[in-house]
Every structure is written in structure tokens, then in C-alpha cells.
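# Descriptive structure summary
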Amino acid sequence: GAVVSQHPSRVICKSGTSVKIECRSLDFQATTMFWYRQFPKQSLMLMATSNEGSKATYEQGVEKDKFLINHASLTLSTLTVTSAHPEDSSFYICSARDRVDGYTFGSGTRLTVV
Amino acid sequence: GQQLNQSPQSMFIQEGEDVSMNCTSSSIFNTWLWYKQEPGEGPVLLIALYKAGELTSNGRLTAQFGITRKDSFLNISASIPSDVGIYFCAGGLSSGTASKLTFGTGTRLQVTL
């Protein structure tokens, strides 16, 4: 089946620094990928839709200058959390859609900002 | 953002019991998906439904796409300890690759021996 690889799985960073999270579709091409954020004991909330070769589409309330998304190839999207603050600590998950299995999710990245 | 209403919020059941959970929406979807998430992991697809009224099984799991296209349910028969986790429904609007999903609030399942 389709596989989406997300890296890193865990990251701890200092307040004010930036963190980059990678999402790769390993065995299929994904023109569109999705980035979600999940706080403890809550559901997944869509942050943005990442489109290969064009600008990402952000959900209402998500700061595009803080959460930079780049989708430079058909198999890679990156999310950069810029000038991270403790309130940005969360579980970030990406997903991509392939034509066989539907929406496949990465294993998530636990971001802790100290 | 919008979330789908999922119930129950949590369940504590004994091994061997059947489980039923449902998901409702105020708006129509043309795709319903059910996922299971374990701690520290991303969601894993259990069942996908693409047609109103569709009833689909995957082993001990059965899910149905409501006729009104505003709801779906998931049943788990003869639960086992490894069924523990959080179950999410998700609704989608089109078959295109750019169609985004809206997630339910989740049902936390605990199975006791």
C-alpha cells in the first residue's frame, strides 16, 4: 500500500528558532499533500493544503508567514515552523492522497518548543 | 475549523463485546473514511466508503455510509485488546486528489480483559 514518510518523528527546539518537518510519498506521486495539527486529546485540524509547484492554501486562522509550506516536487512537502514559541508545541501530521488507498498519513512529528 | 460530531466520546468495554460508534454532520459528504490512531502515531485507514448506503466490512469492522450522506457508523465485533485506540471518522467532498478531509472529534476505545 501507499506509504507516507514523515521526518523527524520528534524534535525539541528553543523558543525563537525555526523547525522544518519533511513529508515524503515513498511509492506514489502526490500533487497535493495536507498538513494537520493535533493537540493532546483532540482531533486533527487541517492547517493547509500543499500544492506541488504553487502556493499552499491555508485554513482560516493559520498564519502563513509562521507556517511556511514548500512542495517543490511530486514526492516532498515541507512545513517550517518559524520563530517557534511554546504554544506551537503540538503533534504535526501530513497526509497525501493516492488513487488506490485514499488518504495516507505520515506517522507524525512531535514538536516541543522550550 | 469545522469538525464532525462523533459519539460516544469514549468507551470502556470488555474483551469480546461489540462496539458501535457514529459520526454526524450538518453538511453532506460524498466520501466517508474511518481511521484508527494509536499514541504517537498518525491515523491508519480502516474503511473507506464512497457511495450513499454503502455497507463495507474489513475483518471484524463494518462501516456504513448513511443514506442522507450526513452520517456514518462503524461497528467492531468481538473486540480484542489490540482494538484499543482512538477512532476518527472523516468526511470528504470529492474524488479529486485535492479534496480535503474534515475529521470527527474521535472516540477513545478501551478494552478490558
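Computed from a predicted structure; not experimentally measured. (Residues numbered from 1 in each chain as written. Chains lettered and ligands numbered in written order. Predicted model: local features only at pLDDT ≥ 70, side-chain atom pairs only at ≥ 80, totals over all residues. Heavy atoms only, no water.)

## Quick notes on the sheet that holds strand β3 (residues 19-25) of chain A
Residues and elements named next belong to chain A. Taken in spatial order, the 4 strands line up as β1-β3-β8-β7 in an open sheet, and their pairing is antiparallel. Edge positions in the sheet fall to β1 (4-7) and β7 (67-73), since each has one partner strand and no second. Along the sheet, successive strands turn relative to each other by an average axial angle of 15 degrees, direction set aside. (Pairing = 2+ DSSP bridges. Helix = DSSP H or I, 4+ residues; strand = E, 2+ residues; numbered from the N terminus. Axes fitted to C-alpha atoms, helices over the stretch in contact; angles between N-to-C directions.)

## Focus on the interface of chain A and chain B
In this assembly, 22 residues from chain A lie in contact with 24 residues from chain B. Linking chain A to chain B there are 1 salt bridge. Counting the contacts that link chain A with chain B gives 5 residue pairs in polar contact (both at pLDDT 80 or more). Where the side of chain A that touches chain B is concerned, the elements lending two or more residues are β4 (32-38), β5 (45-51), β9 (90-98) and β10 (102-105) of chain A. Residue classes in the side of chain A that touches chain B are distributed as 9 nonpolar, 8 polar and 5 charged. (Contact = heavy atoms within 4.5 Å. Salt bridge = Lys/Arg side-chain N within 4 Å of Asp/Glu carboxyl O. Polar contact = N/O pair within 3.5 Å; in protein donor to acceptor, adjacent residues only side chain to side chain. Nonpolar A, V, L, I, M, F, W, Y, C, P; charged D, E, K, R; others polar.)

## Some details on the confidence of the model for chain B
Looking at chain B as a whole, the pLDDT averages 93, with 95% of positions reaching at least 70. Within chain B, the element-level pLDDT minimum falls on strand β10 (residues 101-103) of chain B, averaging 93, and the maximum on strand β8 (residues 71-76) of chain B, averaging 98. (pLDDT = per-residue confidence, 0-100.)

## Overview of the state of the cysteines
Here the structure, examined in full by the defined rule, presents 2 disulfides over all chains. Two residues, A:C23 and A:C94, share a disulfide whose sulfurs are 2.0 Å apart. Every disulfide takes its handedness from the sign of the S-S torsion; for A:C23 and A:C94 that torsion is 80 degrees, giving right-handed. Highlighted residues: A:C23 in strand β3 and A:C94 in strand β9, separated in sequence by 71 residues. What makes A:C94 buried here is its relative accessible area of 0%. Between B:C23 and B:C89 runs a disulfide, and the two sulfur atoms are separated by 1.8 Å. Looking down the S-S bond of the B:C23 and B:C89 bridge, the torsion is 40 degrees, so its handedness is right-handed. Here the residue B:C23 occupies a position in strand β3 (residues 19-24), and B:C89 occupies one in strand β9 (residues 85-92), the gap between them amounting to 66 residues. Owing to a relative accessible area of 0%, B:C23 belongs among the buried residues under this scheme. (Disulfide = S-S within 2.5 Å. Buried < 20%, exposed > 50% of the residue type's maximum accessible area, 1.4 Å probe, protein only.)

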